[in-house]
Amino acid sequence: MPGGFLLKRLAVFLFLALVVWITLTALLTDVGRVTQLLSRLSLRWLLAIVGAVLFNYALRFLKWSFFLRLLEIRLSLTDSLWIFFSAFTMILSPGKVGELVKSVLIRSRYGIPAARTAPIVMAERLTDLLGLTALAAIGYSRYSYGGHALELIGGIIAAGTLLITRPRFWILLDRFFLSRLPRFSRLRGSLLVLQESTANLLSLRSLAWTVPLSALSWAGEGFALYFIFQALGVDRPDLLGISLFAHAFGSILGAVSFLPGGLGVTETTMGGFFVLVGFSSELSVSATLLIRALTLWFGVLLGTIVYLFGRRPGDVLLMPGTPVTPSSAATSEATSASRVAGDTRD
């Protein structure tokens, strides 16, 4: 077996093992405190909180479906749901790059090249950040918390989105990277596919729909935080605004930190803001732990359940012992053509 192939498999194995280790360590660290806090919530409030989180997932699935249609990729509804939620198992990967597993799963079942679908994950993350920035900007006008960071991050995201939709960017990438590294020249075809998909996904027409949709979807988790405060007995006129801003701003900083799940950064940002607006330290910690448990950990659990129940014998394994690599997905391409026709009619 070629040494390069072994190194790739080892790298993927170590990456997935790191994700699993981080997930288990972080979860077990807070499990006692979170369990105690959850026991304080009435069933009515718990259902309201979970409902708000599921509202976020539903709108994000609509965006995922919209992006698939833009690229003229047809998946059955059941496959699309399974792939979308299975990616939640990789929420704790640094910067959520592990969600590129969506492309691997699509290739495994449909034989569609990853270069064509990978830009969807990038577009999801960029529009998520733009939507969260819009939410946070509304809150900043009232609370004046983290303004310079918000302006800098928003400007970088907007500029980056504009940059990667310009043909000149891809020409320069080809000229200064692929052309100077003969080993990677074979990727030129994939680069053209990436350019075309990115231009379609991040066009002004697409952004005009997906950014507001992203803001609305993430507002759902802001409402979940609002419900948590109410369940803990907090009642003040500006509570909803506090919840929406804190969740949006904390999520932004957690995402750009590139730490797994934004662990540490998101919690510190939220907790610090809660104390700033007058909440006690104990209440701030309790609300932060609960919103993270009912969003981050709930997402990981839901994704794992969906993946395990929907997995077919020919699908790639999302387990450290069986690394997900393009080569492992390629083993299904020989049979994918005969399966596509049947799957798209589901």
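Residues numbered from 1 in each chain as written. Predicted model: local features only at pLDDT ≥ 70, side-chain atom pairs only at ≥ 80, totals over all residues. Heavy atoms only, no water.

> Just to check I follow, could you spell out the environment of A199 for this structure?
Looking at where A199 falls in the secondary structure, it is placed in helix α8 (residues 188-201). Sequence separation of A199 and P167 is 32 residues, and the distance between their C-alpha atoms is 8.6 Å. (Helix = DSSP H or I, 4+ residues; strand = E, 2+ residues; numbered from the N terminus.)

> What is the right way to look at unusual backbone geometry in this model?
Apart from glycine, the bulk of residues carry a negative phi angle, and the bulk of peptide bonds sit in the trans form. Unlike most non-glycine residues, E72 shows phi in positive territory, near 55 degrees. Residue position: E72 is located in the loop between α2 (43-70) and α3 (77-86). Residue E72 is classed as exposed on the basis of its relative accessible area of 67%. (Buried < 20%, exposed > 50% of the residue type's maximum accessible area, 1.4 Å probe, protein only.)

> Can you walk me through the side chain of S206 in this structure?
Along the chain, the position of S206 falls in helix α9 (residues 204-231). A relative accessible area of 1% places S206 in the buried class. Beyond its immediate stretch of four places on either side in the chain, S206 contacts F66, F67, L70, N200 and L201. (Contact = heavy atoms within 4.5 Å.)

> Explanation requested: the packing of helix α7 (residues 167-178) against α8 in the structure shown.
Close contact between α7 and α8 brings their axes to 10 Å; oriented N to C, the two are set at 160 degrees. When the axis of α7 is compared with that of α8, the two are roughly antiparallel. Judged by the twist between their axes, the crossing of α7 over α8 is right-handed. From α7, P167, W170, L173, D174 and L178 reach across to α8, where they touch R188, L191, L194, Q195 and T198. (Axes fitted to C-alpha atoms, helices over the stretch in contact; angles between N-to-C directions. Parallel < 35°, antiparallel > 145°, perpendicular 65-115°, else oblique. Left-handed = near helix turned anticlockwise from the far one by under 90°.)

> Sorry, what's going on with the pattern of salt bridges here?
Close approach of charged atoms lets side chains of opposite charge pair. For the coordinates displayed, the defined rule picks out nine salt bridges. Residues E99 and K102 are paired through a salt bridge, measuring 3.7 Å at the closest nitrogen-oxygen approach. For K102, a relative accessible area of 2% translates into the label buried. Through salt bridges with shared partners, one network takes in K63, E99, K102, E124, R125 and D128. (Salt bridge = Lys/Arg side-chain N within 4 Å of Asp/Glu carboxyl O.)

> Looking at this structure, how should I read the packing of aromatic side chains?
Each aromatic ring pair is described using two quantities: the centre-to-centre distance and the angle formed by the ring planes. Under the counting rule described, the total for this entry stands at 22 aromatic pairs. Ring geometry for F66 and F67: centres 6.1 Å apart, planes at 45 degrees, overall tilted. For F67, a relative accessible area of 0% corresponds to the buried category. Taking 6.5 Å as the distance between ring centres and 50 degrees as the angle between the ring planes, the aromatic pair formed by F273 and F274 counts as tilted. Each member of the pair F273 and F274 is classed as buried. (Phe/Tyr/Trp six-rings, centres within 6.5 Å; stacked < 30°, edge-to-face > 60°.)

> Help me out: how do you make sense of a nonpolar patch on the surface in this one?
Together, L301, I305, L308 and F309 line one region of the surface with nonpolar side chains, adding up to about 460 Å² of accessible area. Secondary-structure assignment places L301 in helix α12 (residues 281-310). (Patch = residues over 30% accessible without salt bridge, like charges linked within 9 Å, V, L, I, M, F, W, Y side chains within 5 Å. Areas by Shrake-Rupley, 256 points an atom, 1.4 Å probe, with all protein chains shown as cover.)

> Sorry if this is basic, but what is going on with the nonpolar core here?
Counting 84 residues, the largest nonpolar core has W64, F229, F273, F274 and F279 as the members making the most contacts within it. Setting aside residues up to four positions removed in sequence, W64 forms contacts with L75, S80, I83, F84, K102, I106, I120 and E124. (Core = buried A, V, L, I, M, F, W, Y, C linked by side-chain atoms within 4.5 Å.)

> Looking at this structure, how should I read the side chain of T165?
If you trace the backbone, T165 turns up in the loop between α6 (147-164) and α7. In this structure the side chain of T165 is engaged in a polar contact, spanning 3.4 Å, whose partner is the backbone oxygen of T161. Separated by 3.4 Å, the side chains of T165 and R166 make a polar contact. (Polar contact = N/O pair within 3.5 Å; in protein donor to acceptor, adjacent residues only side chain to side chain.)

Any functional reading would require information beyond the geometric quantities listed.
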